Amino acid sequence: MQDTPTIKIADSELALLQAFTQGYINALVQNDNAYEGMDEFYCFNDKWDINIHSVGHKQRTIYAVAYPQTIDADGYLSTDTSNWVEIGQYDMNGTAKRKVTQ
């Protein structure tokens, strides 16, 4: 993963992705499905694919990023993983670790 997001989105759209992701991570934590090495993709809509994954050793971190999606001529979604927007970083209890800035 790169160190900085490669695309920008409107603040309102980022806030929507962050709110959804926080709820998704809370559900993972409540159901004991947040673990080291987890890697989940969620097709949020036809514009964004959300990736939630955890990495690290003693201080494990859950990272969430959104990849842009497009619809090809045949109607299939295609995800561009070379461009992304950071949604947030969370501890393994689902608490946001730091404020995301663009």
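Report on the accompanying structure.

What counts and how
Residues numbered from 1 in each chain as written. Predicted model: local features only at pLDDT ≥ 70, side-chain atom pairs only at ≥ 80, totals over all residues. Heavy atoms only, no water. Helix = DSSP H or I, 4+ residues; strand = E, 2+ residues; numbered from the N terminus. Buried < 20%, exposed > 50% of the residue type's maximum accessible area, 1.4 Å probe, protein only. Polar contact = N/O pair within 3.5 Å; in protein donor to acceptor, adjacent residues only side chain to side chain. Contact = heavy atoms within 4.5 Å. Pairing = 2+ DSSP bridges. Salt bridge = Lys/Arg side-chain N within 4 Å of Asp/Glu carboxyl O.

1. Examining the side chain of N51
(1) Moving on: As for its position among the elements, N51 is in strand β2 (residues 48–55).
(2) Moving on: Under the relative-accessibility criterion, N51 is labelled buried at 4%.
(3) Moving on: At 2.7 Å, the side chain of N51 and the side chain of D39 are in polar contact.
(4) Moving on: If near-sequence neighbours (up to four positions away) are discounted, N51 is found in contact with D39, E40, F41, Y63, A64, V65 and Y67.

2. Concerning the environment of Q89
(1) Moving on: Mapped onto the elements, Q89 comes out in strand β5 (residues 85–90).
(2) Moving on: Residues Q89 and V65 lie 24 residues apart in sequence; the distance between their C-alpha atoms is 9.0 Å.
(3) Moving on: Side chain to side chain, Q89 and E86 meet in a polar contact 3.3 Å long.

3. Looking at the pairing of β5
(1) Moving on: Along β5, six of the six residues are buried, which leaves the element largely enclosed by surrounding structure.
(2) Moving on: Alignment of strand β3 (residues 61–71) against β5, held across five bridges, turns out to be antiparallel. From the neighbouring strand, Y63 faces β5, where its bridge partner is Q89.

4. So, the pattern of salt bridges
(1) Moving on: Under the definition given, this model contains two salt bridges.
(2) Moving on: One salt bridge connects K47 with E13, and the closest N-O pair in it is separated by 3.3 Å. Placement of the pair is K47 in the loop between β1 (39–43) and β2 and E13 in helix α1 (residues 11–30), with a sequence separation of 34 residues.
(3) Moving on: Overall, the relative accessible area of 41% leaves K47 in the partly exposed class.
(4) Moving on: Across the pair R60 and E36 runs a salt bridge, and its minimum N-O distance is 2.8 Å. In this pair, R60 sits in the loop between β2 and β3 while E36 sits in the loop between α1 and β1, placing the two residues 24 residues apart along the sequence.
(5) Moving on: Accessibility expressed as a relative area gives 43% for E36, which makes it partly exposed.

5. Considerations on unusual backbone geometry
(1) Moving on: A positive phi is found at D32, a non-glycine position, where the angle reads about 55 degrees.
(2) Moving on: In this structure, D32 sits in the loop between α1 and β1.
(3) Moving on: Taking the relative accessible area as the measure of exposure, D32 reaches 69% and is therefore exposed.

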